[in-house]
Amino acid sequence: MEKMVGQRIKRKEDPKLITGNGVYLDDIKIPGLLHASILRSPHPHAKIVSIDKEKALAHPGVVAVYTGKDLEGKINPVPTSWKVPGMNLIETKQYPLAIDTARYVGDGVAMVIAESKYTARDAVEMIEVEYEVLPSVANQKEARKEGAHQIYEEVPDNVAFKYVAGEVTDEDLENAEVLIKGTYNTQRVAPSPMETRNSLAQYNPGSGDLKLYVGSQNPHIHRMVLSEVLNFPEHKFHVKVADMGGGFGGKIGVYPDEALVSYAAMDLKRPVKWVETRNEHFQSANAGRDMMVDLELAGTKDGKITALRAVNHANIGAYLATFGPGNPTIDFGLMLSGPYKIEKAQCTTYGMYTNTMSVDSYRGAGKPEVTFMLERAVEDFARKINMDPVEVRRINFASKEEFPFTNAQGLIYDSGDYVKALDKAVENAGYQELREKQKELRAQGRYIGIGLSSYVELSGFGPSAVAGGIGFQGGIWENSTVRVHPGGTVTVYTGTSPHGQGHDTTFSQIVKDKLGIPYEDINFVFNDTRAVSMGWGTYGSRSLAVGGNAVALATDKVVEKGRLLAAHLLEADVESIDFSEGIYSVRGEAGRRKTFKEIAKAANFAWNMPEGMEPGLEEKTFFDPSNFTYPFGTHIAVVEVDVETGGIKILRYIAVDDSGKIVNPTVAEGQILGGIAQGVGQALWEGVQYDEKGQLQSGSFMDYTMPKANFFPKIEMEFTETLSPVNQLGTKGVAESGTTGSIAAAANAVMDALAPLGVISIELPLKPEKVWKAIQKGGAKS
Amino acid sequence: MIPSQFKYVSAQSIEEAISMLQEANGEGKILAGGHSLVPLLKFRITTPGTLVDITRIPGLKEVRVEDGRLIVGALKTHFEISRNETIIENIPSLAKTASETGDLQVRNYGTIGGNIVHGDPVADYPAIALALDAELKVEGEDGTEMMPVDGFALGPLITMMPENALVTEVSFEIPPEHVAQTYLKYTHPATGYPLVGVAAIAGTDSGGAIDYIRIGITGVSDVSYRARPVEEHLMGKKPSKALIEEAAALATEGAEMGSDLFASPEYRAHITNVYVRRALHEVLK
């Protein structure tokens, strides 16, 4: 029978969700449920002089009002979970509600608990807070300048950490034939999942158990961290995730709000729910990116890149987010040389406190930023030496014979064939014809641009020893249990946390191929700390590469135990038992056989077991891979710029990605497609904007441009398959590749279109007005 | 959505709606499609005491031609307008405007009456309504009056709408048969509203001189407006590239350009000139 892995199987998850039978957190109704609403600071930086909560407390339906002072000593500060050795991190305290100082627009100041969400919101407006506004700073480069307002007494120049990876000397650059200096900033963006953040806590005063539903990509991490914040033990703490409408990194972090709701539920002995409004999301959900990067690229006239030196000013916000310090230093800093064989690379990262919301992982988390920087610079380099950008890439790629390949900063890439993906993209795009067409249209006054981006990214987080080495406060292995029921159906438990990725479908394909039972007989359980023993969640494109392989290994163990039992029941040698399509049989004697279903029953009944074998058919693995996986690819964007308005139209978008073995092309394409929307969104439209003091200006979707489906042409996607040697299935991460590859592709296409007009660089996002103004300026120059 | 508390009532007739508004003591708001009102409720920009739902009042979805004018019932949705044969036949640019308003969900719910009475300078309809001297039929406690759309909106969401009244119909001048018309929209990528929307209707006489020209502009300033300096510059002249260029340059005369994170006043003015020029080329081919 044909293997299911590799097939376009329709998603198991969809019938439930598209028929309205999903149960999201806000759908959960519990008798006695109370509702929370949080009063947030309207100032970027202010001393809280006094809070008068009497009026709110007196409002009918209000049950409690908490302030930071009320909770002092009762809830601990929320810590960061990534402390890279050597970064000299100065960790400041983020109290769940600000005690005497609010440090960004959206910092929690008080929380109302009421009988309805409407009452809670009404009462929030009745709390009177006297603020004394303090000086503030929002831009990370400004924050480091002499004379900038210092946000914390104990943090000189607002530098939370400084981290240097690799070494490049001045001579390395000065002696170069060609030197490119550029600033390649990736602006701040809002993760904006369709479902905002939320939590619902229920405390049982009889048993002392606390149950927390929370919008989380990693419920076990939430339990672990909140256990510390709340001084509440993990064994009494049950964390669950309901059906969840997306995360994109914004739901990795452990937030004050979740601790507050949990505390209130225990304090009031009634369940409490909080659902973030969209405006709150813009204020107080961890943002992504916000890295300002100055790069020097040295190379030769014949196209060889010899050294890279970058200084990254990473805005980390007013408080350190859960993974905040790791993204700029590790995911960005160690990937500086991308897919290229460059001898020397150095990245100096300054993690900067500012009066803005915290910055944490957002789809790609450091990798899209570094790819944007590198791929924009590679095309600037190509333009300078007058060489085709495809050729420059070809010259500098690590070749497929060199894998495992050690990059300039010591990361070891597992496998790759960068030329193959580039060639395929160039072929699919019809690159040469596009260049000719471009020339033709330019003669007619039309400005077409072709932009490329080749990337490699670290994904599939593991192994745990490396996690320890880079200061990640946790393990990054994955766990799976495969439980076979007496009737032969199977429940699989995993520690990854799907919220749209389709694990139920793809993981079932893996199990089905191994057990040979009907696909419908396989069920998955995730997102529940009581059902799943342990797990590290879904982020960093790790679920299939680590979690999916854990499922494969646990299933193998089930097959092997079944084989022992079958041998015993068939009175044959274990070595002579074949297992295929769900049937154990004695080799060469097709008649002597036991179906998987029969073995399931026999194991569960345990009437006749081999000597020493325990009853039941249930196996567990803890899989800790030997390395990360490194997906790669090349994207090509074709745009037309209306030079009169600065408007950009995407004419074509071609993506060739290599994520190792593809389990389900439809699901994988969905990941690439969504990733491209977010990457191109960053390049052209999205952007959280604060004024120089830190007042939030993009507080709703009226000001924050989310890309919509009609902004895009049909995305042309194809995969090449270069297997990873570090896991059984040969899989790599796929979820972030679309984003990682696309920011530079889109931006390069626009810069390519504008090159004849003398435009060299425009800051992201490439809004029409900026493009128009750059054309005015560039045109005047030439 | 977490609005402040309000009372909801549903009117079965125009008279009942008026008396419900009276009972609300100045705290009442009309609810039709809700696509202008609900966002304001959500942000608590408006906190009405009572919402008077008029969607169950019969007869407010009619379309007819009367004395050279096209009359559209206030509850006609954008989608219905975009597909209505009488409208397409008489004022195709009105149907085009409706088809480009919001997205499919908005078009299925939003109504023309609600859209215009809201006084939002970034709405789509004002461009064509101003161009074709539209009037609102306003029925209220003081009787019925016809109010011209030109001058109805005084500023963003500030209008001449009397208290305790509702718009029941919108009427448009039907342009002569020889004209060409368009609605050209530069869509604001965040909001879906026009950054600028230009309704242009023009025709020439047998000698080739422009004998009919109407330009309505929405989106860019505090109040949508009729671009009279453009019209005056073109009227009676033979269209040429140079003439259109000159006329388009007058498109923002007297209008104060707005500003947001997406576009500055300078850019809005530039885009307005470009879009008026492009619209004129389209209708004066």
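- For chain B, an unreviewed UniProt entry supplies the name Carbon-monoxide dehydrogenase medium subunit and the organism Lacicoccus alkaliphilus DSM 16010.

- An unreviewed UniProt entry annotates chain A as Carbon-monoxide dehydrogenase large subunit of Lacicoccus alkaliphilus DSM 16010.

## Section: the overall build of chain A
Inference 1: Along chain A, the regular secondary structure elements total 21 helices and 29 strands.
Inference 2: A compact globule built from 782 residues would reach a C-alpha radius of gyration of about 28 Å, and chain A, at 27 Å, matches this within 12%.
Inference 3: If you line up chain A on its principal axes, its C-alpha atoms span 90 × 70 × 45 Å.
Inference 4: Across the 782 residues in chain A, those meeting the buried criterion constitute 58%.
Inference 5: Partitioning the intrachain contacts of chain A with sequence separation of at least 6 by distance along the chain shows that 81% fall at a separation of at least 24.

## Observations concerning the overall build of chain B
Inference 1: Helix and strand counts for chain B come out as 11 helices and 14 strands.
Inference 2: Whereas a compact globule of 285 residues would reach a radius of gyration of roughly 19 Å, chain B reaches 19 Å, a difference of no more than 12%.
Inference 3: Once the C-alpha set of chain B is aligned to its principal axes, its extents read approximately 60 × 45 × 35 Å.
Inference 4: For chain B, buried positions account for 48% of its 285 residues.

## Focus on the domain arrangement of chain B
All names here are of chain B.
Inference 1: For chain B, the assigned domains read domain 1 (7-53), domain 2 (63-173) and domain 3 (180-283).
Inference 2: Computed over C-alpha atoms, the centres of domain 2 and domain 3 are 20 Å apart.
Inference 3: With 22 residues of domain 2 at the interface, the matching set in domain 3 holds 23 residues.
Inference 4: Looking at the side of domain 2 that touches domain 3, the elements that each hand over two or more residues are α5 (92-99), α8 (125-131) and β8 (153-155).
Inference 5: Here the element with the most residues in the side of domain 2 that touches domain 3 is α8; it accounts for 6 residues.
Inference 6: Looking at the side of domain 2 that touches domain 3 residue by residue, the classes come out as 13 nonpolar, 4 polar and 5 charged.

## Here's the deal with the nonpolar core
Inference 1: One finds Ala36(A), Val112(A), Ala746(A), Ala747(A), Val750(A), Val198(B) and Val276(B) to be the most contacted residues of the largest nonpolar core, which totals 321 residues.
Inference 2: Among the elements that make up this core, the one with the highest residue count is helix α17 (residues 543-570) of chain A (11 residues).
Inference 3: With sequence-adjacent residues up to four places away left out, Val750(A) is seen in contact with Gly449(A), Val639(A), Val641(A), Ile648(A) and Leu766(A).

## Some words on the sheet that holds strand β2 (residues 46-52) of chain A
All names here are of chain A.
Inference 1: Taken together, the 3 strands give an open sheet; going across it, the order is β4-β2-β6, and neighbouring strands pair in antiparallel fashion. Lying at the two open borders of the sheet, with one neighbouring strand each, are β4 (101-102) and β6 (128-133).
Inference 2: Strand direction decides the pairing type here: β2 and β6, joined by 6 bridges, are antiparallel. The residue of β6 that forms the bridge with Lys47 is Glu132.

## A word on the domain arrangement of chain A
By a widespread convention, an interface's size corresponds to the accessible area lost as its parts come together.
Residues and elements named next belong to chain A.
Inference 1: What the domain assignment lists for chain A is domain 1 (14-134 + 194-246 + 251-284), domain 2 (288-404 + 414-461 + 627-781) and domain 3 (477-623).
Inference 2: Between the C-alpha centres of domain 2 and domain 3 there is a distance of 41 Å.
Inference 3: Counting from both sides, the interface comprises 17 residues of domain 2 and, opposite them, 17 residues of domain 3.
Inference 4: Partitioning the side of domain 2 that touches domain 3 into residue classes produces 6 nonpolar, 9 polar and 2 charged.

## As for the packing of helix α11 (residues 367-384) of chain A against helix α12 (residues 389-396) of chain A
When two helices pack together, their arrangement is given by the angle between the helix axes and the distance between those axes.
All names here are of chain A.
Inference 1: The N-to-C vectors of α11 and α12 enclose an angle of 110°; their axes lie 9 Å apart at closest approach. Between α11 and α12, the interaxial angle falls into the category roughly perpendicular. In the packing of α11 onto α12, the handedness of the crossing is right-handed. The segment α11 lies against α12, with Val378, Glu379, Phe381 and Ala382 engaging Pro389, Val392 and Arg393.

## With respect to the confidence of the model for chain B
Inference 1: For chain B, the mean per-residue pLDDT works out to 97, and 100% of the residues sit at or above 70.
Inference 2: Across the interface, the model reports ipTM at 0.95; the global pTM reads 0.96.

## As for the UniProt feature "domain: Aldehyde oxidase/xanthine dehydrogenase a/b hammerhead" (unreviewed entry) in chain A
Inference 1: Under the local residue numbering, the UniProt record ascribes the feature "domain: Aldehyde oxidase/xanthine dehydrogenase a/b hammerhead" (unreviewed entry) to residues 19-135 of chain A.
Inference 2: Within the segment residues 19-135 of chain A, helix and strand shares are 15% and 30% respectively, and the terminal C-alpha atoms sit 52 Å apart.

## Considerations on the environment of Met613(A)
All names here are of chain A.
Inference 1: Topologically, Met613 is positioned in the loop between α18 (596-605) and β26 (618-623).
Inference 2: Sequence spacing of Met613 and Lys561 is 52 residues, and the spatial spacing of their C-alpha atoms is 8.9 Å.
Inference 3: Sequence-distant contacts of Met613, that is, excluding residues within four places in its chain, are made with Leu564 and Leu565.

## So, the packing of helix α7 (residues 219-230) of chain A against helix α8 (residues 256-268) of chain A
All names here are of chain A.
Inference 1: It is the contact of α7 with α8, at a shortest axis distance of 10 Å, that shows an interaxial angle of 60°. The hand of the α7/α8 crossing is right-handed. Counted together, His222, Leu226, Val229 and Leu230 of α7 and Glu258, Ala259, Ser262 and Tyr263 of α8 form the full contact between these two elements.
Inference 2: Looking at side-chain class alone, the contact of α7 with α8 contains 5 nonpolar, 2 polar and 1 charged residues.

## A few points about the sheet that holds strand β25 (residues 589-595) of chain A
Strand pairing in a sheet takes place through backbone hydrogen bonds and is either antiparallel or parallel in direction.
All names here are of chain A.
Inference 1: Overall, antiparallel pairing links the 3 strands, which are arranged β23-β24-β25 in an open sheet. Strands with a single pairing partner mark the edges of an open sheet, and in this sheet they are β23 (577-580) and β25. Averaged over neighbouring strand pairs, the angle between their axes works out to 30° when direction is ignored.
Inference 2: Bridge count for β23 against strand β24 (residues 583-586) is 4 bridges, and the pairing is antiparallel. From the neighbouring strand, Ile577 faces β24, where its bridge partner is Val586.

## Some thoughts on helix α20 (residues 737-754) of chain A
Inference 1: An ideal rise of 1.5 Å per residue puts 26 Å on 18 residues; α20(A) measures up with 27 Å between its terminal C-alpha atoms.
Inference 2: Judged by how many residues are buried, α20(A) sits mostly within the fold: 18 of 18 residues are covered.

## A closer look at the environment of Glu125(A)
Inference 1: Mapping Glu125(A) onto the fold places it in the loop between α4 (117-124) and β6.
Inference 2: For the pair Glu125(A) and Ala56(A), spaced 69 residues apart in sequence, the C-alpha separation works out to 7.9 Å.

## Some words on the pairing of β24(A)
Residues and elements named next belong to chain A.
Inference 1: Counting the residues that bridge the hairpin from β23 to β24 gives 2 residues, and of these Glu581 lies at a positive phi of roughly 50°.
Inference 2: Two strands pair when backbone bridges link them, and β24 and β25 are joined in this way by 4 bridges, in the antiparallel orientation. If you follow Ser585 over to β25, its bridge partner there is Arg593.
Inference 3: Linking two consecutive strands that pair antiparallel, namely β24 and β25, is a turn of 2 residues; a positive phi of about 85° is found at Gly588 within it.

## Here we look at the environment of His270(B)
Inference 1: Relative to the elements of secondary structure, His270(B) occurs in helix α11 (residues 265-283).
Inference 2: Separated by 218 residues in the primary sequence, His270(B) and Val52(B) place their C-alpha atoms 42 Å from one another.

## Things to note about α11(A)
All names here are of chain A.
Inference 1: Across its 18 residues, α11 extends 25 Å between first and last C-alpha, which sits within 8% of the 26 Å expected from 1.5 Å per residue.
Inference 2: Counting buried positions over the 18 residues of α11 gives 16, a clear majority of the element.
Inference 3: Directly beyond the C-terminal end of α11, a positive phi value near 60° is found at Asn386.

## A closer look at unusual backbone geometry
Residue and element names in this part refer to chain A.
Inference 1: In the segment running from Phe403 into Pro404, the intervening peptide bond is cis, with an omega of 0°.
Inference 2: Residue position: Pro404 is located in the loop between α12 and β17 (405-406).
Inference 3: The phi dihedral of Ala606 falls on the positive side, at around 55°, and the residue is not glycine.
Inference 4: Along the chain, Ala606 falls in the loop between α18 and β26.

About the criteria used
Residues numbered from 1 in each chain as written. Chains lettered and ligands numbered in written order. Predicted model: local features only at pLDDT ≥ 70, side-chain atom pairs only at ≥ 80, totals over all residues. Helix = DSSP H or I, 4+ residues; strand = E, 2+ residues; numbered from the N terminus. Rg over C-alpha atoms; globule rule 2.2 N^0.38 Å. Buried ≥ 20, exposed ≤ 12 C-beta atoms within 10 Å, placed from the backbone. Contact = placed C-beta atoms within 7 Å. Domains from an automatic or database assignment. Nonpolar A, V, L, I, M, F, W, Y, C, P; charged D, E, K, R; others polar. Core = buried A, V, L, I, M, F, W, Y, C linked by C-beta atoms within 7 Å. Pairing = 2+ DSSP bridges. Axes fitted to C-alpha atoms, helices over the stretch in contact; angles between N-to-C directions. Parallel < 35°, antiparallel > 145°, perpendicular 65-115°, else oblique. Left-handed = near helix turned anticlockwise from the far one by under 90°. pLDDT = per-residue confidence, 0-100. UniProt positions renumbered as here; feature names shortened; annotations may be inferred. Expected span 1.5 Å × (residues − 1).

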